[in-house]
Amino acid sequence: MAENVKDQILGFLESRFPDVEIPETEDIFQLGFVNSLFAMELVMFIEKTFGVTIPNDELRLDNFRTVKSMAELVDRRTALAETAEV
Amino acid sequence: MDRAIGVVGAGVMGVGVAQNLAQTGHEVVLVDTSEAILAEARATIRNNCRMSRLTGGPELDPDAVLARITTAVGASAVAKVDIVVENVTENWDVKRGVYQELDAACGPDTVFVVNTSAIPITQVASITKRPANVIGVHFMNPVPAKPAVEMIPGVHTSEQTIERTRAMLSAMGKRAIPVKDACGFVSNRVLMLTVNEAAYLVHEGVADAAGVDDVFRSCFGHPMGPLETADLIGVDTILYSVEVLYDQYSDSKYRPCPLLREMTAAGLHGRKTGRGFYDYGGSNRAVV
């Protein structure tokens with residue numbers, strides 16, 4: 001998994017929540033300071049930053065709970081896009 | 001419901017009402033003043049449908065929802081609908097102009113649902129030739145996610161209008177809480193003063209926006225603080241609502257915080273413009 005994907009996601013979270021330490025496997029929705037509206041912001045951020053489109057069946061809260069799960073989602077979508085281009 | 005429902009105004013509220021109606025099986029005619037606004041509205045509805053499950057809503061097929069929404073410029077497009085839900089900006093001059101057009105365009109039986117957070121329903125009814133068919137409904141944002149609304153009959157609103165409106169709301173999955181026609185109703189008499197006072201706290205440097213909201217979330221258990229709520233509603237809409245309360249009651253306790261004026265003039269309207277009390281651009285967390 002590309003570390004820079006994780007770093008960029010973490011960077012986004014840290015820019016929004018500078019006072020909070022966020023381990024990559026921590027469920028951000030369990031931390032209590034983000035709500036489902038923030039999930040929409042995460043989708044927009046990921047699609048814009050990594051140039052991927054997240055299909056409807058991947059738009060599940062579980063894919064956005066942790067930095068790790070978001071990075072895995074980006075990897076899946078990027079891999080699919082590259083396969084499609086070959 | 002035999003005929004389509006008209007939705008006038010394709011801003012944050014109009015888009016939410018149109019989506020909610022369409023996803024519950026209604027045919028919708030969505031009207032605004034330009035094709036560009038309507039194209040943007042369709043894009044927003046598509047995106048909100050995609051995100052529906054993520055925000056706790058039902059799974060929605062964006063194409064199926066959009067297929068029930070016809071968009072058009074000008075009031076004449078809603079000439080044949082049963083019910084018009086009007087969602088234009090909370091500014092009396094704008095609303096007055098829109099109701100004059102709608103009253104001329106629509107048949108005498110068409111019900112006008114005024115979606116407002118502050119403007120008195122009887123005042124709106126007075127500029128139409130159908131005061132018995134005018135009723136207020138204060139929808140909450142985001143419309144598809146909220147289970148209840150304030151429903152406000154005016155002085156002349158008929159029982160039939162109340163029942164037709166209740167039936168539409170019920171079909172949208174909404175429970176109507178009836179309240180009397182007093183400016184701001186229940187919700188905004190309290191909420192707008194709270195947001196306005198929270199803005200004064202930031203304006204005076206007592207706390208920053210994050211600090212104010214933290215107190216409401218962490219100490220009171222509110223899911224969102226007042227300034228996050230302001231960014232969701234729209235800072236400009238907050239200002240207009242506070243101004244309406246100030247005008248209606250002639251009471252200085254509703255004087256708008258200068259910071260709200262400054263932010264409105266600067267285009268810092270909240271989530272819809274990418275920045276308000278918080279920055280939604282993702283680059284940093286610049287807070288007022």
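The numbering scheme is per chain: residues are counted from 1 as the chain's sequence reads. The order in which chains are written sets their letters, starting at A; the order in which ligands are written sets their numbers, starting at 1. A pLDDT threshold of at least 70 governs which residues receive local features in this predicted model, and a stricter bar of 80 or more applies before side-chain atom pairs are shown or counted, although totals over entire chains, interfaces and linings include all residues.

1. What to know about the overall build of chain A
Right, so step 1: Helix and strand assignments come from DSSP, with helices taken as H or I runs of at least 4 residues and strands as E runs of at least 2, each series counted from the N terminus. The secondary structure content of chain A amounts to three helices and zero strands.
Right, so step 2: Reading chain A from its N end, one meets helices and strands in the order α-α-α.
Right, so step 3: When we talk radius of gyration, it's over C-alpha atoms, and the globule rule is simply 2.2 Å times the number of residues to the 0.38. Relative to the compact-globule value of 12 Å for 86 residues, chain A shows a C-alpha radius of gyration of 13 Å, a close match.
Right, so step 4: Each principal axis of the C-alpha distribution contributes one length, and for chain A these read about 45 × 25 × 20 Å.
Right, so step 5: Between the buried cut of 20 or more and the exposed cut of 12 or fewer other C-beta atoms within 10 Å of a residue's own C-beta lies the partly exposed class, and all C-beta atoms are placed from the backbone. Across the 86 residues in chain A, those meeting the buried criterion constitute 24%.
Right, so step 6: Two residues qualify as a contact pair if the distance between their C-beta atoms, derived from the backbone, is within 7 Å. Pairs at least 24 residues apart make up 59% of the contacts formed inside chain A by residues separated by at least 6 positions.

2. What about the environment of serine 170 of chain B?
Right, so step 1: Along the chain, the position of serine 170 of chain B falls in helix α6 (residues 159-171).
Right, so step 2: Sequence separation between serine 170 of chain B and alanine 148 of chain B is 22 residues; the distance between their C-alpha atoms is 9.7 Å.

3. Remarks on the domain arrangement of chain B
Residue and element names in this part refer to chain B.
Right, so step 1: What marks off one domain from the next here is an automatic or database domain assignment. According to the domain assignment, chain B consists of domain 1 (4-178) and domain 2 (189-273).
Right, so step 2: Distance between the C-alpha centres of domain 1 and domain 2: 25 Å.
Right, so step 3: Contacts between domain 1 and domain 2 engage nine residues on the former and 10 residues on the latter.

4. Quick look at the nonpolar core
All names here are of chain B.
Right, so step 1: In this usage, the nonpolar core is the set of buried Ala, Val, Leu, Ile, Met, Phe, Trp, Tyr and Cys residues whose C-beta atoms join them within 7 Å. Formed by 79 residues in total, the largest nonpolar core has its most connected members in Val7, Ala18, Val28 and Val84.
Right, so step 2: Inspection of this core shows a minimum of three residues originating in each of domain 1 (4-178) and domain 2 (189-273).
Right, so step 3: Excluding residues that lie within four positions of it along the chain, valine 84 makes contacts with Gly6, Val8, Val78, Leu102, Cys106, Thr110, Phe112 and Val113.

5. Details of helix α7 (residues 187-203) of chain B
Residues lying three or four places apart along an α-helix face the same way, a consequence of the helix completing one turn every 3.6 residues.
Residue and element names in this part refer to chain B.
Right, so step 1: Working rule for helices: expected span equals 1.5 Å times residues minus one. Taking 1.5 Å per residue, 17 residues should reach 24 Å; α7 reaches 24 Å between its end C-alpha atoms and fits that length.
Right, so step 2: For α7, the complete set of buried residues consists of Asn188, Met192, Val195, Asn196, Ala198, Ala199 and Val202. Buried residues along α7 cover an arc of 160 degrees about the axis, so they all sit on one side.
Right, so step 3: Tucked inside the fold, the buried residues of α7 contact α8 (209-220), α9 (226-233), α10 (235-249) and α11 (258-265).
Right, so step 4: Of the residues one or two after α7, glycine 205 is the one with positive phi, at around 80 degrees. Along the arc lie the directions from the helix axis toward the C-beta atoms.

6. Brief notes about the interface of chain B and chain A
Note: interface size is frequently given as the accessible area lost on complex formation between the parts.
Right, so step 1: Counting residues at the interface gives 13 residues for chain B, matched by 16 residues for chain A.
Right, so step 2: Think of it as three bins: nonpolar holds Ala, Val, Leu, Ile, Met, Phe, Trp, Tyr, Cys and Pro, charged holds Asp, Glu, Lys and Arg, and polar takes everything else, Gly as well. Along the lines of polarity and charge, the residues of the side of chain B that touches chain A split into five nonpolar, five polar and three charged.

7. Focus: the confidence of the model for chain B
Residue and element names in this part refer to chain B.
Right, so step 1: In this model, chain B carries an average pLDDT of 93, and 97% of its residues clear a pLDDT of 70 or more.
Right, so step 2: Note on residues 282-286: pLDDT is under 50 here. Beyond four places in sequence and across chains, it has 12 contacts.
Right, so step 3: Among the scores for the predicted complex, ipTM is 0.72 and pTM is 0.81. Within a predicted model, pLDDT stands for the predictor's per-residue confidence, ranging from 0 to 100.

8. Topic: α10 of chain B
Residues and elements named next belong to chain B.
Right, so step 1: The terminal C-alpha atoms of α10, which comprises 15 residues, lie 21 Å apart, in line with the 21 Å expected from a rise of 1.5 Å per residue.
Right, so step 2: Taken across its 15 residues, α10 has 11 buried, putting it largely inside the fold.
Right, so step 3: Residues of α10 that are buried include every one of Val235, Asp236, Thr237, Ile238, Leu239, Tyr240, Ser241, Val242, Glu243, Val244 and Leu245, and no others.
Right, so step 4: Just downstream of α10, serine 250 is the residue with a positive phi angle, here 45 degrees.

9. Some details on the sheet that holds strand β7 (residues 148-153) of chain B
Residues and elements named next belong to chain B.
Right, so step 1: Each pair of strands is called paired provided DSSP finds at least two bridges between the two strands. Strand order in the open sheet formed by eight strands is β3-β2-β1-β4-β5-β6-β7-β8, and the pairing between neighbours is mixed. Single-partner strands in this sheet number two, and they are β3 (69-73) and β8 (175-178). Across the sheet, the mean angle separating the axes of adjacent strands is 30 degrees when strand polarity is ignored.
Right, so step 2: Bridge count for strand β2 (residues 28-32) against β3 is five bridges, and the pairing is parallel. A fitted line through C-alpha atoms serves as each axis, taken over the contacting stretch for helices, and the angle formed by two N-to-C directions is quoted from 0 to 180°.

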